[in-house]
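Residue strings, one per chain:
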Amino acid sequence: MSQRPISPHLGVYKFMYTMSLSILHRLTGCVATVGFLVFVWWLMALASGPDSYAGAMQLLSSPFAKLLLVGFTFSFVYHFCNGIRHLVWDTGRGLERAQARRSGAFVIVAAVVLTALAIWFGCQAMGFSVVTP
Amino acid sequence: MSLRSPLSKVIGRGSAGEGVGHWWMQRVTAIALIPLTLWFVFSLLDSSLQSYEAMRGWIGQPWVAVLSLLLVLTLAWHSKLGVQVVIEDYVPSKGTKTTALLVSTFIHVIAAVAGVFAILRLALS
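A brief report on the enclosed structure follows. Here the structure is a predicted model, which is why all the values come from computation and not from measurement.

Digging into the overall build of chain A
At step 1: Regarding its fold elements, chain A presents four helices and zero strands.
At step 2: The N-to-C order of helical and strand elements in chain A reads α-α-α-α.
At step 3: Its C-alpha atoms give chain A a radius of gyration of 20 Å, clearly above 14 Å, the size a compact globule of 133 residues would have.
At step 4: Seen along its three principal axes, the alpha-carbon backbone of chain A occupies a region of about 60 × 45 × 30 Å.
At step 5: Taking all 133 residues of chain A together, the buried fraction comes to 29%.
At step 6: Of the roughly 8700 Å² of accessible surface on chain A, a fraction of 71% belongs to carbon and sulfur atoms.

Quick look at the pattern of salt bridges
At step 1: Counting across every chain of the model gives two salt bridges over all chains.
At step 2: A salt bridge links Arg-26 of chain A to Asp-89 of chain B; the nearest nitrogen and oxygen atoms lie 2.8 Å apart. With Arg-26 of chain A in helix α1 (residues 17-48) and Asp-89 of chain B in helix α4 (residues 62-90), this pair bridges two chains.
At step 3: Given a relative accessible area of 47%, Asp-89 of chain B falls into the partly exposed group.
At step 4: With its nearest N and O atoms 2.8 Å apart, the salt bridge here joins Arg-27 of chain B to Asp-90 of chain A. Taken together, the residues span two chains, with Arg-27 of chain B in helix α2 (residues 20-44) and Asp-90 of chain A in helix α3 (residues 63-90).
At step 5: You can call Asp-90 of chain A partly exposed: its relative accessible area is 33%.

Regarding the interface of chain A and chain B
At step 1: Contacts between the two partners involve 29 residues from chain A, matched on the other side by 39 residues from chain B.
At step 2: Carbon and sulfur atoms make up 77% of the surface buried where chain A meets chain B, a total of about 2700 Å² over both sides.
At step 3: Taken together, the connections running from chain A to chain B amount to two salt bridges.
At step 4: Between chain A and chain B we count six residue pairs in polar contact (both at pLDDT 80 or more) in total.
At step 5: Of all elements in the fold, only α1, α2 (50-60), α3 and α4 (97-126) of chain A reach the threshold of two or more residues within the side of chain A that touches chain B.
At step 6: With 14 residues, α1 of chain A is the largest single contributor of residues to the side of chain A that touches chain B.

A look at the nonpolar core
Generally speaking, a soluble globular protein has its nonpolar side chains buried in company with each other.
At step 1: Counting residues in each nonpolar core, the largest one holds 29 residues, and the members touching the most others are Phe-39, Trp-42, Leu-43 and Leu-46 of chain A together with Ile-59 of chain B.
At step 2: Residue assignment for this core shows that the elements contributing at least two residues are α1 and α2 of chain A together with α2, α3 (52-60), α4 and α5 (94-124) of chain B.
At step 3: If we skip the residues at most four places from it in the chain, Trp-42 of chain A touches Tyr-53, Met-57 and Leu-60 of chain A together with Met-55 and Ile-59 of chain B.
At step 4: Grouped together as the second largest cluster of nonpolar side chains are seven residues, Leu-21, Cys-81, Ala-110 and Ala-111 of chain A included.

What to know about the side chain of Ser-79 of chain B
At step 1: As for its position among the elements, Ser-79 of chain B is in helix α4.
At step 2: You can call Ser-79 of chain B buried: its relative accessible area is 8%.
At step 3: Polar contacts involving the side chain of Ser-79 of chain B include one to the side chain of Thr-33 of chain A, which spans 2.8 Å.
At step 4: When near neighbours in sequence (up to four residues on either side) are disregarded, Ser-79 of chain B contacts Thr-33 of chain A together with His-108 of chain B.

Some words on α1 of chain A
At step 1: Between its terminal C-alpha atoms α1 of chain A stretches 46 Å, which fits the 46 Å expected from 32 residues at 1.5 Å a residue.
At step 2: Among the residues trailing α1 of chain A, Gly-49 of chain A stands out with phi positive, at a value near 130°.

Some points on the packing of aromatic side chains
At step 1: Within the structure shown, the criterion is met by ten aromatic pairs over all chains.
At step 2: Summarising the aromatic geometry, the rings of Trp-23 of chain B and Trp-24 of chain B are spaced 6.4 Å apart at their centres and angled 25° between planes, so their arrangement reads as stacked.
At step 3: Taken together, a centroid distance of 5.8 Å and an interplanar angle of 65° make the contact between Trp-39 of chain B and Phe-40 of chain B edge-to-face.
At step 4: One aromatic cluster is present, formed by Phe-39, Trp-42 and Tyr-53 of chain A together with Trp-39, Phe-40, Tyr-52 and Trp-58 of chain B through successive ring pairs.

Points about α3 of chain B
At step 1: Among the residues making up α3 of chain B, those that are buried are Tyr-52, Met-55, Trp-58, Ile-59 and Gly-60 of chain B.
At step 2: Along its buried surface, α3 of chain B packs onto α1 and α2 of chain A together with α2, α4 and α5 of chain B.

The rules behind these values
Residues numbered from 1 in each chain as written. Chains lettered and ligands numbered in written order. Predicted model: local features only at pLDDT ≥ 70, side-chain atom pairs only at ≥ 80, totals over all residues. Heavy atoms only, no water. Helix = DSSP H or I, 4+ residues; strand = E, 2+ residues; numbered from the N terminus. Rg over C-alpha atoms; globule rule 2.2 N^0.38 Å. Buried < 20%, exposed > 50% of the residue type's maximum accessible area, 1.4 Å probe, protein only. Areas by Shrake-Rupley, 256 points an atom, 1.4 Å probe, with all protein chains shown as cover. Salt bridge = Lys/Arg side-chain N within 4 Å of Asp/Glu carboxyl O. Contact = heavy atoms within 4.5 Å. Buried area = accessible area lost by both parts, 1.4 Å probe. Polar contact = N/O pair within 3.5 Å; in protein donor to acceptor, adjacent residues only side chain to side chain. Core = buried A, V, L, I, M, F, W, Y, C linked by side-chain atoms within 4.5 Å. Expected span 1.5 Å × (residues − 1). Phe/Tyr/Trp six-rings, centres within 6.5 Å; stacked < 30°, edge-to-face > 60°.

Next comes the structure, spelled out in structure tokens:
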């Protein structure tokens, strides 16, 4: 049994950045799962009353929690954009190497820009100032 | 000589007996999550939702509650399917894999029920 061939040997392939986009889709999906659990915890705090909601919001406004929220935001946005790329692939379109590389680059740019926008507008809505002009 | 029955060939499933269902539901939930998450994120960008009363009042509205319920359930389902694939692919030992799958399933069911309960309480009380 121990002599059975194992596959795939990832090391034999020349590295392409589309490979890291592929594993990043799974990674950001897992991070988004943790974000989903935090979202449910926040909903439960909201449903439990004003005191627990205030406690939850205070916890979420700590510097470490803010860093986590930025991570959740990027993970969600990237997974959202690359997920649409996957859905397009499922229709049989965009699978040529050049197309897949182009859409991969587009997804990275879109994810970074949309994450920045989401954080910017999110802070505005919450009443935080990101940078003092 | 094939050992597969003619019926098995027609149904076209492998030894696991299923597979397309997982793949298909992952896509169905993904498509549903595009409008649901966009709606929720854009709604939260409203600065009038800063206070507890405002947030509670917003989620408690009938259509907001219905869409939030759909969001929580679809997120839980999509997340459960995704984490399942990751565990199946990367956890080599059968015992650890089964345990991890059980834990993931339980956590997702708890999260889904908690999310549904919270929204219903906000909407109905």
